[in-house]
Amino acid sequence: MKRRNFIQLSAFAVAAVSLPLLHSCRPSATEDAMSQPRFLSRLFDENMIRDAGKAYLQKTPAENDDDKLLQLLSNNNAIANSTNEKAIHQYLDEKIKHDFETGNTVLVKGWVLAVTEARQCALFSLARS
Amino acid sequence: MHVDTRNLENDSLIEGDICIVGAGAAGISMALEWMNTRYKVILLEGGGFEYDEQVQELYAGKTTGQHYFPLKSIRLHYFGGTTGHWAGWCAELDAIDFKKRDWIPRSGWPITLDDIKPFYPRAQKYVEVGPDDFSTAHWQEKDATLKPFAFDENKVWSKMWQFSPPTRFGTKYKEPIVNTKNIHLYTYANVVDIIADENVSRIKEVTIKNYTGKQHTVRAKYFILACGSIQNARLLLSASRQAQKGLGNEYDHVGRYFMEHLEIKTSSLWLADPADVKLYMMDFGVTKARAELAISEKMQTKYKLLNGTSSLSPLEIAENQAAFIEVWTDQKDAMEKSLKKLDKTDAKPKHLNVPKGFKAFQLFTRMEQAPHPDSRVTLDTEKDALGMPRAKLNWVLTALEKNSLRMINTIIGQEAGRVSMGRVKVFDYLQDEKDESWPSFTGGGWHHMGTTRMSNDPKEGVVDSNCKLHSIGNLYVAGASCYVTAGAVNPTLTLISLTIRLSDHLKERISS
C-alpha cells in the first residue's frame, strides 16, 4: 500500500481539485476544502481516496452529484458560503468526529469511514474522474 | 499414591469416596482441593505421565460442518491433560456473559458472575497468576508505561489478561498428587462404561480399561466427569445400556451446544502516528499481563452482538503468520514435535519485545459463538481400540457470529476514528453483510464448551447449577462442558473456578 501523504494543501492539489468544480456558484475555496479529507489523507494516497469515493458512490448512487454532496457536507450550514478554509476544515473535523461518535459510519472497501469523510472522498473522485 | 492399572490384577475392585474421571485442569484442580482430607479420592487418568501415541489415538474422531481441527490432536490424553499444550491465557468472564440476552438464543446461565467471583483467586493460584486484579489501573501502577487508548470505555474498553507461565499441570502437580495419602491416582484407567442403579438415579460404578486388555471396576459415593467437553459427552452418550439415549440425556441435550471461541484475524488498524501500544503487546513467556480491546455491555446490547475482544499485532509480523487451523495436523511426528517445541518455548530467554514505530496493526478477534443445538458431539459407529464409540463433532457457525465480528471491528474503528488515532479496515470476508461463508483460516482456540450445559430446568440442560446431572443423584460434571455460553475469554480460569465451586459443594454434601 502506498502511504505517502499527498494532499497537505499543496498548490497542485488545490488546483487539481478546484478546476472541475468551477461550474458551481459556491466559492471554489469552499469546494476545495470540502473535498479534502484531511485526516484520511495522512493514511491514503490520491488513488485510494478516489477509489474510496467511487466505491462510496456505488453504494449510494443517490449522492452521485457534486452539488448534492456539497449540500450534504455543509448541511445547509452557513459554512457552505464561507471562504475560510480553516473554518471549513474545523467544521468538517467536528462533523467527522460526531459521525464516529454516533456510529454514522460506512464500510467503504472495508474501511470504517465517517459518512462525512466518505462523501469528501466521493466529491474528490467526481472532481478527478 | 499412584497405581498404574496395567500392573493391577485383572478385574480388580477399586473403592473410594469420590471418583474423579480425568486428570486435566479440572480433574487435578478438584483433586488438589481434596488433598489431606479424610476422604479417599480416586483420580482416574486414561494415559500415563508421558505422551503415548496409543492412548492419544483414543481421542481420534470425525468432524463435519464448519472445518475443524483433527479431534485427536487438539486435546492431550495424559496426566495434566490439555494443559500440556496450553498457552496460559487467563481472564475473567464478564457479567453480561451470564445474562439472558434476547438476541442470543439459549443464553442465560442459572448463576451469575457473583457466584463465580469468589473462586477466581483460588483458581489463580493453581495456574500461577495474580493478584486477583484485572483492572488496567492496577497494572499501570506496576508499570506506568502501560497506557490504554483514549477510547470511550462505555464503548470500547481495555480488558486485561494475565498469563500463566503456563502451568503444565502434569509437571507441576505430579509430585503433590502422587505423594498425598488420600489421593489415589490411577493411570492407564480409561472409563469405558458407567453403570447406574436399577432406577438409573445413582451411579454405582465405572468400568476402566487399558491396552493390556485388563478391566477393573471403580466404586465411589460420588463421581465427577472431568474429561473435557468432547469426552464428557462421549462418556455419557455411550453409557446407553440402562438409558437408551445415554445418561442424563432424557431431553436430548447431551453433546449439543458445543461451542468454541472463534479466533480469527478480522481487520487492520492504521495509525496516523505511532502510538504507545505496550499495554496491548504480548511476548509469550515474558508478558505477565496485557489488554485487548473489548466491547462494552452497552454496545453489545445496542448492536445485538456476541462478546469478543481484539488483540493487536504489528501487521508486518502478523501477515506472515499462518492460521493454526491451516497448519495443525494430527500426524504423530508433528504432534510430538509441537510438544517439544512448546517445552523449548517455555525455556526461552526472557525479554519483552515492544514494537516501536509501527503504524499498522492486525486486529485478531476472539469471540464466543452462540449455543446452537446442531453444533454437537455425537457417537460414531466406529469404535476405538477399547471398544468405545468414537466421538463425532459437527461444528456449526451462524450469521450472528459473522455479523458480530464485523460490528466489533467496526465499533473499534469508530473509536479509533473519533479520537483521530487512525482508521480500521475490515478484512474482505467480513465486508459483505449478506455473505455467510467463512474463510479457510477460520479457527477456534481449542476451547471446547457446552456439551453438558447448565440449567435450572431439566428440560433445558444436562446439569444443575451445582454441576450435578439433573437426573442422577451422585454424578457431577467438572469443566467447560457445563458452560451455557462461552464468553469472550479463554475458558481455563473459569472452568477451574467452577470446579472449585463444585468441590466446595461436594464437601458440604458429603459431610452432611
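Here the structure is a predicted model, which is why all the values come from computation and not from measurement.

The rules behind the values
Residues numbered from 1 in each chain as written. Chains lettered and ligands numbered in written order. Predicted model: local features only at pLDDT ≥ 70, side-chain atom pairs only at ≥ 80, totals over all residues. Axes fitted to C-alpha atoms, helices over the stretch in contact; angles between N-to-C directions. Helix = DSSP H or I, 4+ residues; strand = E, 2+ residues; numbered from the N terminus. Parallel < 35°, antiparallel > 145°, perpendicular 65-115°, else oblique. Contact = placed C-beta atoms within 7 Å. Nonpolar A, V, L, I, M, F, W, Y, C, P; charged D, E, K, R; others polar. Pairing = 2+ DSSP bridges. Expected span 1.5 Å × (residues − 1). Buried ≥ 20, exposed ≤ 12 C-beta atoms within 10 Å, placed from the backbone. Left-handed = near helix turned anticlockwise from the far one by under 90°. pLDDT = per-residue confidence, 0-100. Core = buried A, V, L, I, M, F, W, Y, C linked by C-beta atoms within 7 Å.

1. As for the packing of helix α3 (residues 46–59) of chain A against helix α6 (residues 115–127) of chain A
Residue and element names in this part refer to chain A.
Move 1: Across the interface, α3 lies against α6 with an axial gap of 7 Å and an inter-helix angle of 105°. As far as their axial angle goes, α6 and α3 are roughly perpendicular. Two secondary-structure elements touch here, α3 through I49, R50, A52, G53, K54, Y56 and L57 and α6 through A118, C121, A122, F124 and S125.
Move 2: Classifying every residue of the contact of α3 with α6 gives eight nonpolar, two polar and two charged.

2. Remarks on the sheet that holds strand β15 (residues 376–383) of chain B
Residues and elements named next belong to chain B.
Move 1: Strand order in this open sheet of three strands is β4-β16-β15, and the pairing throughout is mixed. Single-partner strands in this sheet number two, and they are β4 (62–65) and β15. Between one strand and the next, the sheet's axes are offset by a mean angle of 30°, whatever the strand orientation.
Move 2: Judged from the five bridges that link them, β15 and strand β16 (residues 389–395) form a sheet pairing that is antiparallel. Each bridged residue has a counterpart across the sheet, and for R376 the counterpart in β16 is N394.
Move 3: Sheet strands touched by helix α8 (residues 229–238): β15 and β16. Its angle to β15, the strand with the most contacts, is close to 60°.

3. Points about helix α5 (residues 85–102) of chain A
Move 1: Between its terminal C-alpha atoms α5(A) stretches 25 Å, which fits the 26 Å expected from 18 residues at 1.5 Å a residue.
Move 2: Listed in full, the buried residues belonging to α5(A) are I88(A), Y91(A), L92(A), K95(A), I96(A), D99(A) and F100(A).
Move 3: In this structure, the buried residues of α5(A) make contact with α2 (28–34), α4 (66–74), β1 (105–108), β2 (111–114) and α6 of chain A together with α13 (399–418) of chain B.
Move 4: At the exit of α5(A) stands G103(A), carrying a positive phi of roughly 75°.

4. Some points on the packing of helix α1 (residues 25–33) of chain B against helix α14 (residues 492–511) of chain B
If you want to describe how two helices pack, look at the angle between their axes and the distance between the axes.
Residues and elements named next belong to chain B.
Move 1: Put simply, α1 and α14 touch, their axes get as near as 9 Å, and they point 40° apart. The orientation of α1 relative to α14 falls into the category oblique. Relative to α14, the crossing made by α1 is right-handed. Counting all contacts with α1, which are made through A25, A26, S29, M30 and E33, the residues of α14 involved are T492, L495, I496, T499, I500 and S503.
Move 2: Here the residues of the contact of α1 with α14 are counted per class, giving six nonpolar, four polar and one charged.

5. Overview of the confidence of the model for chain A
Move 1: A residue-level look at chain A finds 78% of positions with pLDDT of 70 or above and a mean pLDDT of 82.
Move 2: Segment residues 1–24 of chain A is flagged for pLDDT under 50; beyond a separation of four residues in sequence, or across chains, it makes 30 contacts in the model.

6. Examining the environment of F427(B)
Move 1: Note that F427(B) resides in the loop between β17 (422–426) and β18 (443–444).
Move 2: Each C-alpha atom, one on F427(B) and one on R406(B), is 8.9 Å from the other, the two residues being 21 residues apart in sequence.
Move 3: Residues within four places of F427(B) in sequence aside, it is in contact with G110(A), K265(B), T266(B) and S267(B).

7. Concerning the nonpolar core
Move 1: Residues I20(B), V21(B), L43(B), L44(B) and I224(B) are the most contacted members of the largest nonpolar core, which totals 174 residues.
Move 2: Excluding residues within four positions of it along the chain, L44(B) makes contact with C19(B), I20(B), V21(B), Y186(B), A189(B), V191(B), I208(B) and V218(B).

8. What to know about the interface of chain A and chain B
Move 1: Between chain A and chain B, the contact holds 14 residues from the first and 15 residues from the second.
Move 2: Listing elements by their share of the side of chain A that touches chain B, those giving two or more residues are α5, β1 and β2 of chain A.
Move 3: When the residues that make up the side of chain A that touches chain B are grouped by side-chain class, the tally is eight nonpolar, three polar and three charged.

9. Re the environment of D17(B)
Residue and element names in this part refer to chain B.
Move 1: When you line up the elements, D17 lands in strand β2 (residues 13–21).
Move 2: By the C-beta count within 10 Å, which is 17 here, D17 ends up partly exposed.
Move 3: Between the alpha carbons of D17 and V178 there is a distance of 18 Å; along the sequence they are 161 residues apart.
Move 4: Residues in contact with D17, not counting those within four places in the same chain, are Y39, K40, V41, A220, K221 and I510.

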